[in-house]
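Next come the chains, spelled out residue by residue.
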Amino acid sequence: MKKIFAICAGLSLGISTPAALAADVVIGVPNWPSVNVTAHVLQRVIEDNLGLEVELQPGTNPIVFEAMDSGSMHVHPEVWLPNQSNLHDTFVKDKKTVRMNPNGVVAFQGMCVTKDTPGLTGIRSLSDLSDPDMAAKFDKDGDGKGNIWIGAPGWASTNVEKIRAKSYGYSETMDLDEIDETLALAEVDNAVAKGEPIVFFCYTPHHMFALHELVVLEEPAHDASKWVALQPTDDPDWLEKSNAGMAWKDAMLHIHYASSLEDSHPLVASILSNASFDTDTISKMTFAVVVEKQDPADFARDWVAQNGDVVNSWLR
């Protein structure tokens with residue numbers, strides 16, 4: 001069964017970067033759209049209701065977790081599990097310097113092609129890419145191998161996609177492109193405009209499910225007993241020891257925050273432990289900021305004003 005969705009490109013984070021120590025609360029913001037808009041909403045809720053100064057600081061997942069551990073940052077708005085399980089286990093379970101909000105958002109991850117790509121190439125399943133003849137139909141640079149965007153540098157999912165490529169066999173037939181998401185999605189827009197085939201990593205919640213119809217490539221169902229996806233921090237031979245030739249299981253997205261907030265700013269910790277979103281809400285938020293080009297800070301102000309009942313439920 002084909003699943004058809006939609007996509008667009010472009011992202012302006014709208015994050016200011018003054019010195020982090022000047023703020024009462026510092027929210028870390030990795031490099032994807034939904035985490036950015038969620039960060040701005042949390043910033044607005046905390047500032048409006050508690051009168052504290054909240055700053056947003058860019059950072060990769062490991063940097064944000066290590067900063068929450070040390071106290072130089074306080075919040076990660078969107079931790080993907082199981083993608084970042086190694087960081088979660090280290091700082092939440094073992095060191096206990098980070099807390100997890102229990103209200104998760106369901107997320108999908110997989111590989112997509114544009115609506116016209118199956119007709120142009122005959123592709124139906126992800127395993128088709130292990131065929132050199134099929135892979136060559138996605139060759140962008142003339143080297144005889146196909147090109148597939150597997151994610152941005154620094155994403156835990158990017159490492160898992162390397163494992164999946166090895167497991168399916170298309171790591172031998174395809175160039176595994178790791179580039180910034182904004183650039184990758186611009187390539188999708190360009191492929192649609194030119195009527196060219198393209199294959200790339202896709203996920204929800206995301207603004208990509210908005211403009212261009214997408215087809216999710218078929219895969220065997222997830223089997224937890226056979227899924228082994230280590231990260232480089234787990235083992236230097238992580239890739240060789242991993243195997244994941246099947247679909248991802250649904251991910252869950254959770255706010256994480258520094259345990260130290262429970263002492264320094266207990267009302268902030270309470271808000272962060274009670275905040276709750278759903279997949280549709282996050283998708284609409286990212287669409288507004290990325291597709292409609294709304295300023296993230298302005299959008300967050302309006303969203304908070306229009307969703308008073310939701311915000312009040314967090315202030316318990």
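Scroll up to find the structure.
Definitions and cut-offs
- Residues numbered from 1 in each chain as written.
- Predicted model: local features only at pLDDT ≥ 70, side-chain atom pairs only at ≥ 80, totals over all residues.
- Heavy atoms only, no water.
- Helix = DSSP H or I, 4+ residues; strand = E, 2+ residues; numbered from the N terminus.
- Rg over C-alpha atoms; globule rule 2.2 N^0.38 Å.
- Contact = heavy atoms within 4.5 Å.
- Areas by Shrake-Rupley, 256 points an atom, 1.4 Å probe, with all protein chains shown as cover.
- Lys, Arg positive; Asp, Glu negative; His and termini not counted.
- Charge placed at Lys NZ, Arg CZ, Asp CG, Glu CD.
- Expected span 1.5 Å × (residues − 1).
- Buried < 20%, exposed > 50% of the residue type's maximum accessible area, 1.4 Å probe, protein only.
- Arc of directions from axis to C-beta.
- Polar contact = N/O pair within 3.5 Å; in protein donor to acceptor, adjacent residues only side chain to side chain.
- Pairing = 2+ DSSP bridges.
- Right-handed = clockwise from strand over helix to strand, strands pointing away.
- Disulfide = S-S within 2.5 Å.
- 1 Å grid on protein atoms, 1.4 Å probe; cavity = no way out; pocket = protein on both sides within 12 Å on 5 of 7 lines; lining within 4 Å.
- Points joined across faces, edges and corners; volume = space filled by probe spheres on them.
- Nonpolar A, V, L, I, M, F, W, Y, C, P; charged D, E, K, R; others polar.

Side note on the overall build of the protein
(1) Moving on: Within the protein one finds 12 helices and 11 strands.
(2) Moving on: Relative to a compact globule of 316 residues, whose C-alpha radius of gyration would be 20 Å, the protein shows 20 Å and is just as compact.
(3) Moving on: Once the C-alpha set of the protein is aligned to its principal axes, its extents read approximately 60 × 40 × 35 Å.
(4) Moving on: Of all intrachain contacts in the protein linking residues separated by at least 6 positions in sequence, the fraction that spans at least 24 positions is 78%.
(5) Moving on: For the protein, the exposed surface amounts to about 13,100 Å²; the carbon and sulfur share of it is 51%.
(6) Moving on: A gap of 5 Å separates the mean positions of the 23 positive and 45 negative side-chain charges of the protein.

Points about helix H7 (residues 181–194)
(1) Moving on: With 14 residues, H7 extends 20 Å between its outermost C-alpha atoms, agreeing within 8% with the 20 Å of an ideal straight helix rising 1.5 Å per residue.
(2) Moving on: Taken together, the buried positions of H7 are Glu181, Ala184, Leu185, Val188 and Ala191. What you see down the axis of H7 is that its buried residues fit within an arc of 105°, all on one side. In H7, the exposed positions that point more than 90 degrees away from the buried face belong to Leu183, Ala193 and Lys194.
(3) Moving on: Looking at the packing, one finds that the buried side of H7 touches helix H1 (33–50), strand S6 (105–114), strand S7 (146–151) and strand S9 (199–204).
(4) Moving on: Of the residues flanking the start of H7, the one acting as N-cap is Asp180, its side-chain oxygen 3.0 Å from the backbone nitrogen of Thr182.
(5) Moving on: In the stretch just after H7, Gly195 is the one whose phi turns positive, near 70°.

A look at the pairing of strand S2 (residues 25–29)
(1) Moving on: For S2, a buried count of five out of five residues is recorded, marking the element as mostly surrounded by other parts of the structure.
(2) Moving on: What you see with S2 is no split at all: Val25, Ile27 and Val29 on one side and Val26 and Gly28 on the other are buried throughout.
(3) Moving on: Where S2 and strand S3 (residues 54–58) come together, five bridges link them in parallel fashion. When the sheet's bridge partners are listed, Val25 is paired in S3 with Val54.
(4) Moving on: Assessed by its sense of winding, the connection that carries the chain from S2 through H1 to S3 is right-handed.

A look at the state of the cysteines
Each disulfide consists of one covalent bond between the sulfur atoms belonging to two cysteines.
(1) Moving on: Across all of its chains, the model carries one disulfide by this definition.
(2) Moving on: Paired through a disulfide, Cys112 and Cys202 show a sulfur-sulfur distance of 2.1 Å. The disulfide joining Cys112 to Cys202 has a torsion of about 75° about its S-S bond and is therefore right-handed. Here the residue Cys112 occupies a position in strand S6, and Cys202 occupies one in strand S9, the gap between them amounting to 90 residues. Cys202 shares its class with Cys112; the two are buried.

Considering unusual backbone geometry
(1) Moving on: With an omega of 20°, the peptide bond running from Leu81 to Pro82 counts as cis.
(2) Moving on: By the element assignment, Pro82 lies in the loop between strand S4 (75–81) and helix H3 (85–94).
(3) Moving on: In the segment running from Thr204 into Pro205, the intervening peptide bond is cis, with an omega of 0°.
(4) Moving on: For Pro205, the position within the fold is in the loop between S9 and strand S10 (214–216).
(5) Moving on: Backbone geometry places Lys96, a non-glycine residue, at a positive phi of 60°.
(6) Moving on: One can find Lys96 in the loop between H3 and strand S5 (98–100).

Section: empty space enclosed by the protein
To find the voids left in a structure, one rolls a probe of water-molecule size over its atoms.
(1) Moving on: Per the stated rule, a full pass over the model turns up four cavities of 30 Å³ or more.
(2) Moving on: Lining of the largest cavity is provided by Trp32, Asn61, Trp80, Asn83, Gln84, Gln109, Trp155, Ala156, Ser157, Phe201 and Tyr203.
(3) Moving on: When contributions to the lining of the largest cavity are tallied by element, the ones reaching two or more residues are helix H6 (156–168) and S9.
(4) Moving on: Taken together, the residues that form the lining of the largest cavity break down as six nonpolar, five polar and no charged.
(5) Moving on: Estimates place the volume of the second largest cavity at around 90 Å³.
(6) Moving on: Thr38, Pro77, Glu78, Asn103, Val105, Leu253, His254, Ile255, Phe277 and Ile282 are the residues that line the second largest cavity.
(7) Moving on: Listing elements by their share of the lining of the second largest cavity, those giving two or more residues are S4 and strand S11 (251–258).
(8) Moving on: Residue contributions to the lining of the second largest cavity peak at three residues, all from S11.

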